[in-house]
Amino acid sequence: CGYLLSLKQSSTVRRRDKKEYHEVHRIIAERLQEDLTILSSIMPELGEVFDDVGGEITPDNTPNPHEQKEGNKKINAQGEPSKVYLHQAFRKFFRIVCELEGPLVLLLDDMQWADSDSLELLQSIITDIENKCILTICLYRTDEVGEEHA
């Protein structure tokens, strides 16, 4: 997202860079389709790059709650993306980015503050057998966690 955002915001973008930006933008938008709305509601930077996609999940832009995806509902009873669907969307996003840009290093700091949902999402991303191009580095501060984290 940062690379695309920098290309989009640059006032001195060369013609080749603009062409590359539009091509990558098109590919990501085509492959993510409705997942783009849900991901951009969680990652505001993605919404900035794809400003034609709304950053909020509303009844008008959410997928059909009765539609099934791999046996799981996309939207839960609260109108939010189901955990399974959200994990699938993130894995799909990282596969596309790695395919277009090559290997990705994901550096996550302050992991001692990560909640269980975030850790489940991270596990889903880094154990995705269809994407072998992510190196994940997680950092945490041992002096800021209790013994229960050992």
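Structure's up top.
What this report covers is the structure whose coordinates are included nearby.

About the criteria used
- Residues numbered from 1 in each chain as written.
- Predicted model: local features only at pLDDT ≥ 70, side-chain atom pairs only at ≥ 80, totals over all residues.
- Heavy atoms only, no water.
- Phe/Tyr/Trp six-rings, centres within 6.5 Å; stacked < 30°, edge-to-face > 60°.
- Helix = DSSP H or I, 4+ residues; strand = E, 2+ residues; numbered from the N terminus.
- Buried < 20%, exposed > 50% of the residue type's maximum accessible area, 1.4 Å probe, protein only.
- Contact = heavy atoms within 4.5 Å.
- Core = buried A, V, L, I, M, F, W, Y, C linked by side-chain atoms within 4.5 Å.
- Axes fitted to C-alpha atoms, helices over the stretch in contact; angles between N-to-C directions.
- Parallel < 35°, antiparallel > 145°, perpendicular 65-115°, else oblique.
- Nonpolar A, V, L, I, M, F, W, Y, C, P; charged D, E, K, R; others polar.
- Arc of directions from axis to C-beta.

Here the focus is the packing of aromatic side chains. Evaluation of the coordinates by the stated rule reveals 1 aromatic pair. With a centroid separation of 5.4 Å and 70 degrees between ring planes, the pair formed by F93 and F94 is classed as edge-to-face.

Before going further, it helps to examine the side chain of H87. Among the structural elements, H87 can be located in helix 5 (residues 83-101). Judged by its relative accessible area of 11%, H87 is buried. Excluding residues that lie within four positions of it along the chain, H87 makes contacts with E120, L121 and S124.

For soluble globular proteins, nonpolar side chains are generally found buried alongside one another. Formed by 26 residues in total, the largest nonpolar core has its most connected members in L32, L39, L46, F90, F93 and F94. At the level of secondary structure, the elements contributing two or more residues to this core comprise helix 2 (15-32), helix 3 (35-42), helix 4 (44-49), helix 5 and helix 6 (116-126). Here this core takes 9 residues from helix 5, the largest share from any one element.

So, on to the packing of helix 3 against helix 5. In contact at an axis separation of 10 Å, helix 3 and helix 5 are set at 95 degrees when each is read in the N-to-C sense. Our classification of the angle between helix 3 and helix 5 gives roughly perpendicular. Between helix 3 and helix 5, the residues in contact are D35, I38, L39 and I42 and Y85, L86, A89, F90, K92 and F93, respectively. Residues belonging to the contact of helix 3 with helix 5 are distributed by class as follows: 8 nonpolar, no polar and 2 charged.

Turning to unusual backbone geometry, a few remarks are in order. Within the chain, Q33 stands out as a residue other than glycine whose phi angle is a positive 45 degrees. Relative to the helices and strands, Q33 resides in the loop between helix 2 and helix 3. Owing to a relative accessible area of 59%, Q33 belongs among the exposed residues under this scheme.

L121, L122, S124 and I125 are the residues of helix 6 that are buried. For helix 6, the buried positions fall inside an angular range of 160 degrees around the axis, keeping them on one side. Each element contacted by the buried residues of helix 6 is listed here: helix 5, strand 3 (104-108) and strand 4 (134-138).

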